Amino acid sequence: MNRPALPWIVASLLLMLGLVVVGLRIGSYATSYAFVWQTLTHYNPQDPAQLVLLELRLPRILLALLAGGSLAFSGYLMQAMVNNPLADPYLLGTASGGSLGAILAYSLLPVLTVGGFYLPPLFALAGALGTTLVVVAVGSRRGQILPAQLLLAGVALGSLTTAIGGVFTFLSATQERLRSVTFWAAGSFERAGWAVLPYPALLLAAALLLFGFVQKDLNILLLGEERAQALGVHVARTRWLLLLTASALTGCVVALCGPVGFVGLMVPHLTRWLLGVTGRANMLFCALLGANFLLACDLLARVLYPPAGLPVGLVTALFGVPFFVYLLRQKGS
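In this text the structure is predicted, and so the values were computed from the model without any measurement. (Residues numbered from 1 in each chain as written. Predicted model: local features only at pLDDT ≥ 70, side-chain atom pairs only at ≥ 80, totals over all residues. Heavy atoms only, no water.)

### Side note on the nonpolar core
Looking at soluble globular proteins, one finds that nonpolar side chains tend to be buried together.
Next up, step 1: Counting residues in each nonpolar core, the largest one holds 88 residues, and the members touching the most others are Phe73, Leu150, Phe189, Leu243, Leu294 and Leu295.
Next up, step 2: Apart from residues no more than four positions distant in its own chain, phenylalanine 73 is found in contact with Leu204, Ala207, Leu208, Phe211, Leu249, Met283 and Cys286. (Core = buried A, V, L, I, M, F, W, Y, C linked by side-chain atoms within 4.5 Å. Buried < 20%, exposed > 50% of the residue type's maximum accessible area, 1.4 Å probe, protein only. Contact = heavy atoms within 4.5 Å.)

Written out as structure tokens, the structure reads:
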């Protein structure tokens, strides 16, 4: 049974506002809420503390919000595509492929910046998309995506790319590069900046807008492939659209933040638990809930290990692994 979505959306937006304010206050500089308000209303770029708030903390917060929304929404799409509550975009090997691309950049390139472009994220995006295309080729037949075969191919190729990445991490030339690889592979928002924020923002907005028009097809797809075809849904085309969109969202996040696991697994379940399975606002609420969850995890990481914070992927794993075990037990019973 679907439940009213408006109260939950309003609550999510208020929670997001509160988390943003707290995030602006937490850091190496001791600031107050009054100082945060003064910075937002009367910004002085000559003040080092205000410069930190608007040039370092705020981009990091916004990137965490966008990454969380993108991962949650891609998980929602993936679970709809295969009609399986255990599905997750990381099972396609997208994250491990992106990690391999970044590790290759850190390990092999003599310089990491060329012509003003920081190369590891570009390599990560290429690795993520390339791995996904290989998985799709293995997991499809005659243009038809086979969900079970697709997931198995993703797990297998993901394990392979993880192993290759481990070899190059072990062979990293310098201690500094080894630290960069290790920290990036655990997921972080340290390289957030105003220049990169438009890319995940535009991609997430376009994905939400696109599937706002085809949400009915997604709900019908939950009835099973045969029933969906009987009701006029082009199953193969819809699954391709779901797959490519989820892969693009995940690949963009991996390229910018590294692999941050379990967001796409947990948040869609919480969305359905709060709003029902086929609610009209499920996709929007899922993105908002994912944004809040990942930002909260990043704040917790910064509190646990100030001032830089733990890699956020470690914090999401603390929540995600028990949740995954719970799902396995529920599904088994």
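### Some details on the pattern of salt bridges
Side chains that carry opposite charge are capable of pairing whenever their charged atoms lie near each other.
Next up, step 1: For the structure on display, the rule yields 3 salt bridges.
Next up, step 2: With a closest N to O distance of 2.5 Å, glutamate 190 and arginine 60 form a salt bridge. In this pair, glutamate 190 sits in the loop between helix H7 (175-185) and helix H8 (198-213) while arginine 60 sits in helix H3 (residues 48-82), placing the two residues 130 residues apart along the sequence.
Next up, step 3: Note on arginine 60: relative accessible area 10%, which makes it buried. (Salt bridge = Lys/Arg side-chain N within 4 Å of Asp/Glu carboxyl O. Helix = DSSP H or I, 4+ residues; strand = E, 2+ residues; numbered from the N terminus.)

### With respect to the layout of surface pockets
Next up, step 1: Of the volumes computed, that of the largest pocket is approximately 640 Å³.
Next up, step 2: Around the largest pocket, the lining comprises 30 residues; the ones closest to its centre are Tyr90, Ala95, Ser96, Thr162 and Pro259.
Next up, step 3: When residues of the lining of the largest pocket are traced back to their parent elements, those giving at least two are helix H4 (94-108), helix H6 (147-170) and helix H14 (312-332).
Next up, step 4: In terms of residue count, the dominant contributor to the lining of the largest pocket is H6 (9 residues).
Next up, step 5: Reported here for the second largest pocket is a volume of approximately 550 Å³.
Next up, step 6: What lines the second largest pocket is a set of 21 residues, and nearest its centre among them are Tyr118, Pro121, Leu122, Val196 and Leu256.
Next up, step 7: Of all elements in the fold, only strand E2 (117-118), helix H5 (119-138) and helix H11 (235-257) reach the threshold of two or more residues within the lining of the second largest pocket.
Next up, step 8: Sorting elements by how many residues they give to the lining of the second largest pocket places H11 first, with 4 residues.
Next up, step 9: Residues of the lining of the second largest pocket, tallied by class, amount to 17 nonpolar, 2 polar and 2 charged. (1 Å grid on protein atoms, 1.4 Å probe; cavity = no way out; pocket = protein on both sides within 12 Å on 5 of 7 lines; lining within 4 Å. Points joined across faces, edges and corners; volume = space filled by probe spheres on them. Nonpolar A, V, L, I, M, F, W, Y, C, P; charged D, E, K, R; others polar.)

### A short note on the packing of helix H1 (residues 6-25) against helix H13 (residues 282-304)
Next up, step 1: Direction vectors running N to C along H1 and H13 enclose 25°, while the axes themselves pass 10 Å from each other. Taken as axis vectors, H1 and H13 run roughly parallel relative to one another. Here the hand of the crossing between H1 and H13 comes out left-handed. Touching Trp8, Ile9, Ser12, Leu13, Leu15, Met16, Leu19, Val20, Val22 and Gly23 of H1 are Leu284, Phe285, Leu288, Ala291, Asn292, Leu295, Ala296, Leu299 and Arg302, all from H13. (Axes fitted to C-alpha atoms, helices over the stretch in contact; angles between N-to-C directions. Parallel < 35°, antiparallel > 145°, perpendicular 65-115°, else oblique. Left-handed = near helix turned anticlockwise from the far one by under 90°.)

### Looking at H6
An α-helical turn contains 3.6 residues, so any two residues separated by three or four positions project in the same direction.
Next up, step 1: Compared with an ideal rise of 1.5 Å per residue, which puts 24 residues at 34 Å, H6 spans 34 Å between its outermost C-alpha atoms and is within 8% of the ideal.
Next up, step 2: For H6, the complete set of buried residues consists of Pro147, Leu150, Leu151, Ala153, Gly154, Leu157, Gly158, Thr161, Gly165 and Thr169. (Expected span 1.5 Å × (residues − 1).)

### Comments concerning the packing of aromatic side chains
Aromatic ring pairs are reported here in terms of the distance separating the ring centres and the angle at which the planes meet.
Next up, step 1: For the structure shown, the criterion picks out 4 aromatic pairs.
Next up, step 2: Each ring, one from phenylalanine 293 and one from phenylalanine 319, has its centre 6.0 Å from the other, and the planes form 75°; the classification is edge-to-face. Highlighted residues: phenylalanine 293 in helix H13 and phenylalanine 319 in helix H14, separated in sequence by 26 residues.
Next up, step 3: The residue whose ring lies beneath arginine 25 is tyrosine 33, and the NZ or CZ to ring-centre distance is 4.9 Å. (Phe/Tyr/Trp six-rings, centres within 6.5 Å; stacked < 30°, edge-to-face > 60°. Lys NZ or Arg CZ within 6 Å of the ring centre and 35° of its normal.)

### Observations concerning the packing of H5 against H11
Next up, step 1: Contact geometry of H5 with H11 gives a least axis separation of 8 Å together with a crossing angle of 155°. Between H5 and H11, the interaxial angle falls into the category roughly antiparallel. Both H5 and H11 take part in a crossing whose hand is right-handed. Side by side, H5 and H11 meet where Pro121, Ala124, Leu125, Ala128, Leu129, Thr132 and Val136 of the first sit next to Trp240, Leu243, Ser247, Ala248, Gly251, Cys252, Val254 and Ala255 of the second.

### A few points about the state of the cysteines
Next up, step 1: Under the criterion given, the structure shown has 0 disulfides.
Next up, step 2: You can see cysteine 252 has no disulfide; the closest cysteine sulfur is in cysteine 257, sitting 8.1 Å from it.
Next up, step 3: Distance from the sulfur of cysteine 297, which forms no disulfide, to the nearest cysteine sulfur (cysteine 257) is 13 Å. (Disulfide = S-S within 2.5 Å.)

### Considerations on helix H2 (residues 33-41)
Next up, step 1: Inspection of H2 places Phe35, Val36 and Thr39 among the buried residues, and these make up the whole buried set. Down the axis of H2, the buried side of the element spans an arc of 105°, and every buried residue falls inside it. Seen from the open side of H2, the exposed residues pointing more than 90 degrees away from its buried face are Ala34 and Trp37.
Next up, step 2: Where H2 is buried, its residues contact H1 and H3. (Arc of directions from axis to C-beta.)

What is shown is where atoms sit, not what they do.
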